[in-house]
Amino acid sequence: MTQFWKDQRCTEPPVVEGDLTGKTVIVTGANTGLGFEATKHFARMGAARLILGCRNTEKGEAAVEAVKQVASAPEAIVECWYIDQMRMSTVIDFANKFKADGGRLDILVCNAGITSFKYEVSPDGYEAMIQVNHLSTALLSVLLLPTLQKTAQDTNTMPRLVIVSSAMHYWAKLQVKELQQEDLIKALSSEEFCTAANMKERYQVTKLFNVLFTRALTAHVGPSFPVVIDTVDPGFCYSSIRNDISSGLVMGPTMFLMEKLFALTTEVGSRQLVYAALAGKPDEMRGQFVSFSQTREVGDFILTEQGKQAEEKLWANTVKILSDFSPDAKAVFQEVLNA
Ligand SMILES: NC(=O)c1ccc[n+]([C@@H]2O[C@H](COP(=O)([O-])OP(=O)(O)OC[C@H]3O[C@@H](n4cnc5c(N)ncnc54)[C@H](OP(=O)(O)O)[C@@H]3O)[C@@H](O)[C@H]2O)c1
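Residues numbered from 1 in each chain as written. Predicted model: local features only at pLDDT ≥ 70, side-chain atom pairs only at ≥ 80, totals over all residues. Heavy atoms only, no water.

A.B. asks: Let's hear about helix H1 (residues 2–10): which residues, and what values?
C.D. replies: For H1, the complete set of buried residues consists of Phe4, Asp7 and Gln8. For H1, the buried positions fall inside an angular range of 85° around the axis, keeping them on one side. Across from the buried face of H1, at angles greater than 90 degrees, the exposed residues are Thr2 and Cys10. Check the buried side of H1 and you find it contacts helix H9 (251–262) and strand E8 (294–296). (Buried < 20%, exposed > 50% of the residue type's maximum accessible area, 1.4 Å probe, protein only. Helix = DSSP H or I, 4+ residues; strand = E, 2+ residues; numbered from the N terminus. Arc of directions from axis to C-beta. Contact = heavy atoms within 4.5 Å.)

What follows is the structure, encoded as structure tokens:
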């Protein structure tokens, strides 16, 4: 809490500068909040092509117009592409559309996310936060990894894959009973593991999954892979992410007060997404957790024996689910990730 206080009240992360001339950037959840602000930073830096992955294309098209206003590349291409992370088929369509283009991909920021205390099951059969925040994020990352890799080889650069997690993962851990489940993801999606008490902690768990998956993916690609994969905490920011949990007699006033005292604007928070996408020496950023313009130690649970078990189980379960869902993901797991 002391660190949180210091970060939120005393540290304003600087704006990151960079030159993205000729480069292509994809940001999911880019119509609003942190994704939108990060996309504007990338446009300001001269990106040649920006793709905003959005589930609501009307909002996405409005964001495209705003991004075009700040784009510094004279012929910048700014587009909104449909993706609804509640349905993995749309993630596959999104990735296929991009691969069919055959263009380069320099930065992929997997930012789309939700939080809720309600138990909801996605059309694919998974608890909604697990699906949107983890499974679809992982699927898009895996499907576009070969494109990032090819860009590295063709252009002699080091593309980046950024997965947006949160400092909330510090508060998450998995119970022994949860870790004993053969299929952790399926179990956590079931009614038995989605009690009202568990749902209050589910967002943190999915953000823990983001960090665990980033570490596992980094370990599987190995240290000489030409793409840097990292994960980032934008800080506690004003945005619509907490709309579903900020009502009621306790949460309403608590969130109101927390935001008044501590929240950063999404523009300030988005600087961290840009930092994770551009700053630091590539080899020092691999698999790292970025927060307030530095790499920071991950949550204690991750470093325990149980945390290691959780990482292995999450990886194995994710590989199985995504491979069953998508032959292309299966091929990447087998050919690129030795899974
Ligand atoms: N704000 C914070 O304090 C904070 C702190 C730590 C981490 N984060 C993380 O930062 C990321 C962005 O959050 P934010 O604060 O910018 O929240 P936000 O303003 O609510 O933006 C979330 C974005 O994700 C999109 N999204 C939600 N469900 C989706 C789905 N099924 N398919 C595709 N896109 C979907 C939203 O689209 P719609 O506009 O259509 O809903 C929106 O564009 C999240 O991963 C969040 O966990 C936020």
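Having put the structure on the table, let's press on.
A.B. asks: Pulling in residues and values, what's your account of the packing of aromatic side chains?
C.D. replies: Enumeration according to the criterion identifies eight aromatic pairs in this entry. When the ring of tryptophan 5 is compared with that of phenylalanine 262, the centres are 5.2 Å apart and the planes differ by 75°; the resulting orientation is edge-to-face. Here the residue tryptophan 5 occupies a position in helix H1, and phenylalanine 262 occupies one in helix H9, the gap between them amounting to 257 residues. Residue classification places tryptophan 5 among the partly exposed positions, given a relative accessible area of 45%. Under the relative-accessibility criterion, phenylalanine 262 is labelled buried at 7%. Every member of this aromatic cluster is reached through a ring pair, and the members are Phe4, Trp5, Phe236 and Phe262. One cation-aromatic arrangement involves arginine 9 over tryptophan 5; the distance from NZ or CZ to the ring centre is 5.8 Å. A cation sits over an aromatic face here: lysine 200 above phenylalanine 117, 5.6 Å from the ring centre. (Phe/Tyr/Trp six-rings, centres within 6.5 Å; stacked < 30°, edge-to-face > 60°. Lys NZ or Arg CZ within 6 Å of the ring centre and 35° of its normal.)

A.B. asks: Lay out the pairing of strand E2 (residues 49–54) in plain terms, naming residues and giving numbers.
C.D. replies: Among the six residues of E2, six are classified as buried, and the element is accordingly described as predominantly covered. Of the two faces of E2, the one holding Arg49, Ile51 and Gly53 and the one holding Leu50, Leu52 and Cys54 are both buried throughout. Sheet topology places strand E1 (residues 24–28) next to E2; five bridges connect them, and they run parallel. The residue of E2 that forms the bridge with isoleucine 26 is isoleucine 51. Handedness of the crossover joining E1 and E2 through helix H2 (residues 33–44) is recorded here as right-handed. In this sheet, strand E3 (residues 77–82) lies alongside E2 in parallel orientation, the contact comprising six bridges. By the bridge assignment for E3, isoleucine 51 is matched with glutamate 79. (Pairing = 2+ DSSP bridges. Right-handed = clockwise from strand over helix to strand, strands pointing away.)

A.B. asks: Describe the site of the ligand, naming the residues involved and giving the relevant values.
C.D. replies: In the neighbourhood of the ligand, 30 residues make up the surrounding shell, with Asn31, Arg55, Asn111, Tyr203 and Ser239 lying closest. Between the ligand and glycine 29 there is a distance of 3.2 Å, counted from an oxygen atom to a backbone nitrogen or oxygen. Between the ligand and serine 239 there is a distance of 2.6 Å, counted from an oxygen atom to a side-chain nitrogen or oxygen. Expressed as a share of its isolated accessible area of 890 Å², the protein-covered part of the ligand is 95%. Only H2 and helix H8 (196–221) provide two or more residues apiece to the shell around the ligand. Taken together, the residues of the shell around the ligand break down into twelve nonpolar, twelve polar and six charged. (Near = heavy atom within 4 Å. Polar contact = N/O pair within 3.5 Å; in protein donor to acceptor, adjacent residues only side chain to side chain. Areas by Shrake-Rupley, 256 points an atom, 1.4 Å probe, with all protein chains shown as cover. Nonpolar A, V, L, I, M, F, W, Y, C, P; charged D, E, K, R; others polar.)

A.B. asks: Describe the sheet that holds E2, naming the residues involved and giving the relevant values.
C.D. replies: Backbone hydrogen bonds are what pair the strands of a sheet, in a parallel or an antiparallel way. Spatial ordering of the open sheet is given by E3-E2-E1-E4-E5-E6-E7-E8, a layout of eight strands whose pairing is mixed. Two strands in the sheet have a free side with no partner beyond their single neighbour: E3 and E8. Taken over all neighbouring pairs, the strand axes of this sheet differ in orientation by 25° on average, direction set aside. As defined by bridge partners, strand E7 (residues 289–291) adjoins E8 across three bridges and the pair is classed as antiparallel. Bridge pairing in E8 places phenylalanine 289 opposite arginine 296. (Axes fitted to C-alpha atoms, helices over the stretch in contact; angles between N-to-C directions.)

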